Amino acid sequence: MTYGYRTALVLGTECCALTLGNVESAGELGKYGASKVINIGDDVLDNFDSQVHTAAIAEVANNINASVVIVNHSAQGKALLGRLAARLNAGSVSGVNEVPTNDGAFRVKTNVFSGKAIAQYEIKSAVKVLSLMGNSVQPEEVGSPVAVETASPDLPTSRVSIKEVKTVEGTVPLPEAELVVSAGRGMKAPENWGIIEDLAQTLGATTACSRPVADTGWRPHHEHVGQTGVAIRPNLYIAAGISGAIQHLAGVNNSKVIVVINKDPEAPFFKEADYGVVGDLFDVVPRLNEALKKYKAEN
Ligand SMILES: Cc1cc2nc3c(=O)[nH]c(=O)nc-3n(C[C@H](O)[C@H](O)[C@H](O)COP(=O)(O)OP(=O)(O)OC[C@H]3O[C@@H](n4cnc5c(N)ncnc54)[C@H](O)[C@@H]3O)c2cc1C
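What you see is a predicted model, and the numbers here were worked out from it, not measured in a lab.

**Q** Explain the pairing of strand S11 (residues 206–209) here, please?
**A** Two faces make up the sheet, and in a regular strand the side chains alternate between them. Burial along S11 is two-sided: the face carrying Thr206 and Ala208 and the face carrying Thr207 and Cys209 are both buried. Pairing analysis gives 4 bridges linking strand S10 (residues 179–183) to S11, with the strands arranged parallel. What sits directly across from Ser182, in S11, is Ala208.

As structure tokens, then:
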């Protein structure tokens, strides 16, 4: 919402939030800069169908003469981006991460090559569609709740019917994980990873590791994060026994909150950390896990 609000400021216009399906407290978006909140409460929107959702969003975008339509850079947002752009005859950019500039030319930026370079795009069409990378801007309260308007556009019948919903057991894949517990060479040996897995389990987090750990076979390669591994943007990244080399940071430093546990107070990772614990991870990690378990039991 904050990104939409700031984009509207750049364009000298207003920010309108659109919520789909049965959404509680949609008016709260006013606190984060929406001067108008529109909800389409049609039950058909409670299940994601990119064609039906595209129709709903495009209808509202046309009705309010939206100049920029912003969706999340999630799996669903990516499915909507191209369809919306086609429907609205708009130029689109996927994965933007900075508020646009508009000095006569409307420009947006994305990270490329694992964050080592920045690509800048100018969108020349009247309507623009953007998908926004998670954790690109910090939410900021700038107003107060607003009344929610309802809209009831004619929506196409979904051509998808859900026969069965199966909940996947296990952890969220690393690229989509919002909580990640990661460890490095400070773990000393693969058999010590139990404390990391226990902490991840308590948090419902996904495990990750530094590159040397994967290279030596202590952990599977798909867990390796960084410049040559997976680039992630979780809400929480806990790094235990990782020094914070630049190649590691390239893949994780867009995380919203970074917690570093390292026995060396000079470890470079502390410069990037929101919270740092100087201490022996074999002492700190189990204690953190116990404290979290206690908190969960009491709340
Ligand atoms: C071209 C290139 C690409 C690379 N790509 C990547 C990449 O994608 N991802 C990546 O991770 N690396 C990458 N690297 C490697 C990178 O440069 C570092 O060597 C690597 O990240 C270091 O891993 P580490 O922090 O686990 O190990 P180390 O650098 O050995 O750090 C271990 C840390 O653990 C701490 N520690 C030790 N014992 C304890 C304890 N008991 N309690 C608490 N802390 C402890 C130490 O103080 C130290 O800070 C790349 C390198 C190159 C040249």
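Following the structure, the description resumes.
**Q** Please explain the sheet that holds strand S13 (residues 257–262) as it appears in this structure.
**A** Sheets are built from strands that pair by backbone hydrogen bonding, the pairs being arranged parallel or antiparallel. The parallel open sheet is built from 5 strands, whose spatial order is S11-S10-S12-S13-S14. A single partner strand is all that each edge strand has here, and the edge strands are S11 and strand S14 (275–278). When strand polarity is set aside, the average angle formed by the axes of neighbouring strands in this sheet is 15°. Two elements, S13 and S14, share 4 bridges in a ladder whose sense is parallel. Across the sheet, residue Val260 finds its bridge partner in S14, namely Gly276. Running over the sheet, helix H4 (residues 194–203) touches S10, S11 and strand S12 (236–240) and is turned about 175° from S10.

**Q** Help me understand the site of the ligand in this model?
**A** With respect to spatial proximity, 26 residues lie near the ligand, and among them Lys188, Ser210, Ser243, Gln247 and Asn262 are the closest. A distance of 2.8 Å is found between a nitrogen atom of the ligand and a side-chain nitrogen or oxygen belonging to Thr228. Residue Gln247 places a side-chain N or O atom 2.8 Å away from an oxygen atom belonging to the ligand. The fraction of the free accessible surface of the ligand (980 Å²) that becomes covered by protein chains is 76%. The cavity where the ligand resides is the second largest pocket. Sorting the residues of the shell around the ligand by element identifies helix H5 (211–215), helix H6 (246–252) and helix H7 (281–298) as the ones contributing at least two each.

**Q** Sorry if this is basic, but what is going on with the environment of His248 here?
**A** Along the chain, His248 falls in helix H6. Placed 20 residues apart in sequence, His248 and Thr228 show a C-alpha to C-alpha distance of 8.5 Å. Those residues in contact with His248 that sit more than four places away from it in its chain are Ser182, Cys209, Ser210, Val225, Gly226, Tyr237, Ile242 and Phe269. Side-chain polar atoms of His248 contact the side chain of Tyr237, separated by 2.8 Å.

Cut-offs used in this document
- Residues numbered from 1 in each chain as written.
- Predicted model: local features only at pLDDT ≥ 70, side-chain atom pairs only at ≥ 80, totals over all residues.
- Heavy atoms only, no water.
- Buried < 20%, exposed > 50% of the residue type's maximum accessible area, 1.4 Å probe, protein only.
- Helix = DSSP H or I, 4+ residues; strand = E, 2+ residues; numbered from the N terminus.
- Pairing = 2+ DSSP bridges.
- Axes fitted to C-alpha atoms, helices over the stretch in contact; angles between N-to-C directions.
- Contact = heavy atoms within 4.5 Å.
- Near = heavy atom within 4 Å.
- Polar contact = N/O pair within 3.5 Å; in protein donor to acceptor, adjacent residues only side chain to side chain.
- Areas by Shrake-Rupley, 256 points an atom, 1.4 Å probe, with all protein chains shown as cover.
- 1 Å grid on protein atoms, 1.4 Å probe; cavity = no way out; pocket = protein on both sides within 12 Å on 5 of 7 lines; lining within 4 Å.
- Sits in = over half its atoms within 2 Å of the grid points.

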